[in-house]
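# Structural overview for review
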Amino acid sequence: MDLHELQARALRIHDLYDELNQHTRGRVWTREEFMLGFVGDVGDLAKLVMAEEGARPGGGRQALEHELADCLWSVLILAHRYGVDLDHAFRRTMDELDGSIRAQLPPGAD
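Here's a quick rundown of the structure. (Residues numbered from 1 in each chain as written. Predicted model: local features only at pLDDT ≥ 70, side-chain atom pairs only at ≥ 80, totals over all residues. Heavy atoms only, no water.)

Let us now look at helix α3 (residues 61–81). Helix length check: α3, at 21 residues, gives a terminal C-alpha distance of 30 Å against a target of 30 Å (1.5 Å per residue), a fit within 8%. Taken together, the buried positions of α3 are L64, E67, C71, W73, S74, L76, I77, L78 and A79. Directly beyond the C-terminal end of α3, a positive phi value near 70° is found at G83. (Helix = DSSP H or I, 4+ residues; strand = E, 2+ residues; numbered from the N terminus. Expected span 1.5 Å × (residues − 1). Buried < 20%, exposed > 50% of the residue type's maximum accessible area, 1.4 Å probe, protein only.)

Our next topic: the nonpolar core. In this structure, A10, F34, W73 and I77 are the most contacted members of the largest nonpolar core, which totals 13 residues. Breaking this core down by element, the ones donating at least two residues are α2 (31–52) and α3. Considering each element in turn, this core owes the most residues, seven residues, to α3. Apart from residues lying up to four places away in sequence, I77 is in contact with A10, L11, H14 and F34. (Core = buried A, V, L, I, M, F, W, Y, C linked by side-chain atoms within 4.5 Å. Contact = heavy atoms within 4.5 Å.)

Let's shift gears to the pattern of salt bridges. Per the counting criterion, the structure on display carries six salt bridges. With a shortest N-O distance of 2.6 Å, E33 and R27 are connected by a salt bridge. Owing to a relative accessible area of 22%, E33 belongs among the partly exposed residues under this scheme. Residue R27 is classed as partly exposed on the basis of its relative accessible area of 40%. E52 is paired through a salt bridge with R61; the nearest N and O atoms lie 3.9 Å apart. Judged by relative accessible area, which is 39%, E52 ranks as partly exposed. (Salt bridge = Lys/Arg side-chain N within 4 Å of Asp/Glu carboxyl O.)

Structurally, E67 can be placed in helix α3. Within the buried core, E67 has no salt-bridge partner, and the shortest N-O distance to an opposite charge, that of K47, equals 9.8 Å. In this structure, E67 is in contact with D41, D44, L45 and L48, ignoring residues within four places of it in sequence. (Lys, Arg positive; Asp, Glu negative; His and termini not counted.)

Among the secondary structure elements, Q22 is positioned in helix α1 (residues 3–25). Placed 86 residues apart in sequence, Q22 and G108 show a C-alpha to C-alpha distance of 58 Å. Discounting chain neighbours no more than four positions away, the residues touching Q22 are R27 and V28.

This paragraph deals with a nonpolar patch on the surface. Taken together, the side chains of F90, M94, L97, I101 and L105 define a hydrophobic patch exposed on the protein surface, amounting to about 450 Å² of accessible area. Given the relative accessible area of 37%, L105 is considered partly exposed. (Patch = residues over 30% accessible without salt bridge, like charges linked within 9 Å, V, L, I, M, F, W, Y side chains within 5 Å. Areas by Shrake-Rupley, 256 points an atom, 1.4 Å probe, with all protein chains shown as cover.)

A few words now on the packing of α1 against α3. Taken N-terminus to C-terminus, the directions of α1 and α3 make an angle of 85°; their axes are 9 Å apart at the nearest point. With respect to α3, the axis of α1 lies roughly perpendicular. Residues L3, L6, Q7, A10, L11, I13, H14 and Y17 of α1 pack against L72, W73, L76, I77, H80 and R81 of α3. When grouped by side-chain class, the residues that make up the contact of α1 with α3 number 10 nonpolar, three polar and one charged. (Axes fitted to C-alpha atoms, helices over the stretch in contact; angles between N-to-C directions. Parallel < 35°, antiparallel > 145°, perpendicular 65-115°, else oblique. Nonpolar A, V, L, I, M, F, W, Y, C, P; charged D, E, K, R; others polar.)

Set out below in structure tokens:
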């Protein structure tokens, strides 16, 4: 899948969550609640990375993959909810980082 296909799939799941939350809670999540959910996912990811590195028990490859996918989903949804063209922003940011890093490397090092 390319980024646009990932975003489209993420939005379909987002819409299902909205439908479920509207049905069960009478409201949908705010942008702030999505951000808090993402922070929770990043915390879960940190624990799984620590487990993968042997610093704590538990985890497993499948759990790590799941949490990475959850974090990606959250980033895609937050970009949508804040009107960020993630493809454009990513390319621009990578170009900026490329230039900045290359400027700090000695000549011929890249």
